[in-house]
Amino acid sequence: MSRKVTDKAVGNQPARHAHVIIVGSGFSGLGLAIRLTQQGRTDYLVLERGSDVGGTWRDNTYPGAACDVPSQLYSYSFALNPEWTRSFSKQPEIQRYIQGVADKYGVRDHHIFDCEMTGARWNAADARWEIQTSQGAFTADILVSAVGALCEPNLPDIKGINDFQGEIFHSARWNHDSDLTGKRVAVIGTGASAIQIVPSIAAKVAHLDVYQRTAPWLLPRVDREYLAPEKFALKRIPALRGLYRAGIYAARETQVVGLAKFPPAMLALEAIARAKLLAEVRDPELRRKVTPNFRIGCKRMLISNEYYPALSRDNVDVVTDGIKEIRANSVVTKDGVEREVDAIIVATGFHVTDSPVYDTVAGRDGRTLAEVFDAIGQQGYKGSAIHNYPNMFFMLGPNVGLGHTSMVFMIESQINYIADAVAQFDARGLRTVEVRKDVQDEFNADLQRKLQGAVWSTGGCASWYLDKHGNNTTLWPDFTFRFRSLLEKFDVSAYETTTAPVAQAV
Ligand code: N01
């Protein structure tokens, strides 16, 4: 079953060869690596640009970083954690969990850390991928992109931002050397990251301006530390962890009805959010500013018990006039008001539908993923393969995203599919495998049909869920158990394949 990682050449350059190369070691790449190991494989490598596993949970270390999905569900099904200390874990606990899983399953030896992929090109003659990295060239029979959707900070194109003289950093690149105590700080953005950052720093800064473009909907965060008897029971009774997980999964899955199938059903959640807003924001002017103007669920629903109280503090202002420019020591809004600041925190999200990684991967016809997506939008098949990219699979590819439940569930579905694809590739003696265009087109037509009536399209908001063509190319429009069953086995009939020539005896 296993081949050795060997040396080959790319042009005149020596290259290291592996049967499978996975790029990225967040929840998805790491999970796939573990499965390949469990299949008895030693012929794979994981190229990771950071110096540790964890991906987005390694990078997002901003104060208050925590998960919006309870960890009993937001974890691998094969590695349930008896040690969670609370219902919604904070970033350090999640990162420790991921590191622990990597150690437990012994996959770190397959990793090359601090190794950034800078380009990948399909070599049709040799039926392999040629991969350029910060640590030299690699080749692979099968390439798996597991780079994640939330890895490339999206820096806003605001006039003068590069000339700001104070401290400025993105939420996903938090500068821990910077002490914000007693400073005048601006936070740009009011998404999932910002609403965790704002309450964490509001009490220690001298003044905080929160630059809001769109007011988000907030729901209560039912979070608490587990009591000692609960911790004891969860640690000692594995079935309890499974039961707890199943309960959270089932409860969250009911949201799909309102989000994807019948948006008016979202009114019940909207009523809860509205009541929360009325109860927690007493000042009518502030209440007016932070009342959303779209149907709940259209943008990601946020959960916090601390955000509105933080906005209500005397030293915090919500600024809604839109940023005109940033000067050396200030932010100027479109109404001409200039507010002096010592530091700016950019919490403006990530390049989701326009990741820079797309510029670096050239497929069968030489076109990059960016060029293909620019023409037709992000389209793939089961979020795991894209026509024109033979022998390449994608973790968290097009339309795999979710807002309501655990991405790890989707990731494990893809692990099943891609690991089976690799197994079938070998068992059938395949040389190439590429998803058929007609199959991909039909799959996407069906997705877009389903998405037409979903709240993400009908709810009256602009969001990064939609690409520049107006299509929702990020979210899965159905129950997640449907995704699980669709990806249970690799369906080779959806692919064009060629087989490796059988070696002739001389
Ligand atoms: O980013 P976002 P995020 N000028 O894109 C605003 C995951 N996550 O880092 O709404 C001014 O959601 C933008 O405004 P608008 C989760 O999947 C998970 O907060 O576009 N403002 C918005 O308010 C999440 O969805 C957890 O009008 C600008 C904000 O910046 C994803 O990460 C925790 C602007 C960006 O919000 C990203 O969240 C945290 C500009 N030029 C994050 N450009 C969990 O708990 C953008 N904005 C699992």
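A quick note: this is a predicted structure, and the numbers were derived from the prediction, not measured.

Colleague: Help me out: how do you make sense of the overall build of the chain in this one?
Modeller: When helices and strands are tallied, the chain shows 15 helices and 21 strands. Against the 2.2 N^0.38 benchmark of 23 Å for 506 residues, the chain shows a C-alpha radius of gyration of 24 Å, consistent with a compact globule. C-alpha atoms of the chain, sized along the principal axes, occupy 85 × 55 × 45 Å. Burial status across the chain gives 55% buried among its 506 residues. In the chain, the share of contacts with a sequence separation of at least 24, taken over all contacts with a separation of at least 6, comes to 72%. Summing over all exposed atoms, the chain offers an accessible surface of approximately 21,400 Å²; the carbon and sulfur share of this is 52%. Positive and negative side-chain charges in the chain, numbering 57 and 57 respectively, have mean positions lying 5 Å apart.

Colleague: Even after reading the chapter, I still don't get helix α1 (residues 27–38), so can you show me in this structure?
Modeller: Note on helix geometry: an α-helix contains 3.6 residues per turn, so any two residues three or four positions apart are oriented the same way. The end-to-end C-alpha separation of α1 is 16 Å, in line with the 16 Å expected for twelve residues at 1.5 Å each. Counting buried residues in α1 gives nine out of twelve residues, a clear majority hidden from the surface. Buried within α1 are the following residues: F27, S28, G29, L30, G31, L32, A33, I34 and L36. Directly after α1, the chain includes G40, whose backbone phi takes a positive value near 90°.

Colleague: Hey, could you run me through the domain arrangement of the chain in this one?
Modeller: Note on interface size: it is often stated as the accessible area lost on association of the parts. Here the domain parsing of the chain yields domain 1 (6–152 + 351–499) and domain 2 (161–216 + 254–346). In this complex, domain 1 contributes 31 residues to the contact, which on the side of domain 2 involves 28 residues. Across the domain 1/domain 2 interface, buried area totals approximately 2,400 Å², and carbon plus sulfur atoms make up 55% of it. On the domain 1 side of the contact with domain 2, Y62, D68 and V455 bury the most area, a combined 26% of that side's loss. Here domain 1 and domain 2 share three salt bridges between them. Of the charged contacts, one joins K261 and D478 as a salt bridge, the two residues approaching to 3.2 Å between their closest N and O atoms. At the surface where domain 1 touches domain 2, the tally comes to eleven residue pairs in polar contact (both at pLDDT 80 or more). The dominant element in the side of domain 1 that touches domain 2, judged by the number of residues it contributes, is helix α14 (residues 455–458), at three residues.

Colleague: What am I meant to see in the sheet that holds strand β16 (residues 338–340) here?
Modeller: Neighbouring strands of a sheet are bound in pairs by backbone hydrogen bonds; such pairs are parallel or else antiparallel. The three strands are arranged β14-β15-β16 in an open sheet whose pairing can be described as antiparallel. Strands at the two margins of the open sheet, each flanked by one partner only, are β14 (323–327) and β16. Strand-to-strand twist across the sheet, computed as the mean angle between neighbouring axes with direction ignored, equals 20°. Note: β14 against strand β15 (residues 330–333), four bridges, orientation antiparallel. The residue bridging I326 from the neighbouring strand is V331, located in β15.

Colleague: Please clarify how helix α6 (residues 238–253) should be interpreted in this entry.
Modeller: With 16 residues, α6 should cover 22 Å at 1.5 Å per step; its first-to-last C-alpha distance of 23 Å lies within 8% of that length. Buried within α6 we find R241, R245, I248, Y249, R252 and E253. Viewed end-on, α6 has its buried residues packed into an arc of 130°, placing them on one side of the element. Residues of α6 that are exposed and angled more than 90 degrees away from the buried face: A239 and L243. Close packing links the buried residues of α6 with α5 (228–236), α7 (255–261), α12 (407–427) and α15 (480–486).

Colleague: Would you mind going over the site of the ligand with me for this structure?
Modeller: Surveying the vicinity of the ligand reveals 22 residues, the closest of which are D68, T190, S193, T214 and K299. T214 is positioned such that a nitrogen or oxygen atom in its side chain is 2.5 Å from an oxygen atom of the ligand. In isolation the ligand offers 920 Å² of accessible surface; the protein chains occlude 84% of this area. A breakdown of the residues in the shell around the ligand according to their chemical character gives ten nonpolar, eight polar and four charged. Counting only domains with at least three residues in the shell around the ligand, you end up with domain 1 (6–152 + 351–499) and domain 2 (161–216 + 254–346).

Colleague: Can you help me understand the side chain of T405 in this one?
Modeller: With respect to the helices and strands, the residue T405 is situated in the loop between β19 (392–394) and α12. Exposure remark for T405: the relative accessible area of 5% places this residue in the buried category. If we skip the residues at most four places from it in the chain, T405 touches V69, L73, R252, E253 and T480.

Cut-offs applied
Residues numbered from 1 in each chain as written. Predicted model: local features only at pLDDT ≥ 70, side-chain atom pairs only at ≥ 80, totals over all residues. Heavy atoms only, no water. Helix = DSSP H or I, 4+ residues; strand = E, 2+ residues; numbered from the N terminus. Rg over C-alpha atoms; globule rule 2.2 N^0.38 Å. Buried < 20%, exposed > 50% of the residue type's maximum accessible area, 1.4 Å probe, protein only. Contact = heavy atoms within 4.5 Å. Areas by Shrake-Rupley, 256 points an atom, 1.4 Å probe, with all protein chains shown as cover. Lys, Arg positive; Asp, Glu negative; His and termini not counted. Charge placed at Lys NZ, Arg CZ, Asp CG, Glu CD. Expected span 1.5 Å × (residues − 1). Domains from an automatic or database assignment. Buried area = accessible area lost by both parts, 1.4 Å probe. Salt bridge = Lys/Arg side-chain N within 4 Å of Asp/Glu carboxyl O. Polar contact = N/O pair within 3.5 Å; in protein donor to acceptor, adjacent residues only side chain to side chain. Pairing = 2+ DSSP bridges. Axes fitted to C-alpha atoms, helices over the stretch in contact; angles between N-to-C directions. Arc of directions from axis to C-beta. Near = heavy atom within 4 Å. Nonpolar A, V, L, I, M, F, W, Y, C, P; charged D, E, K, R; others polar.

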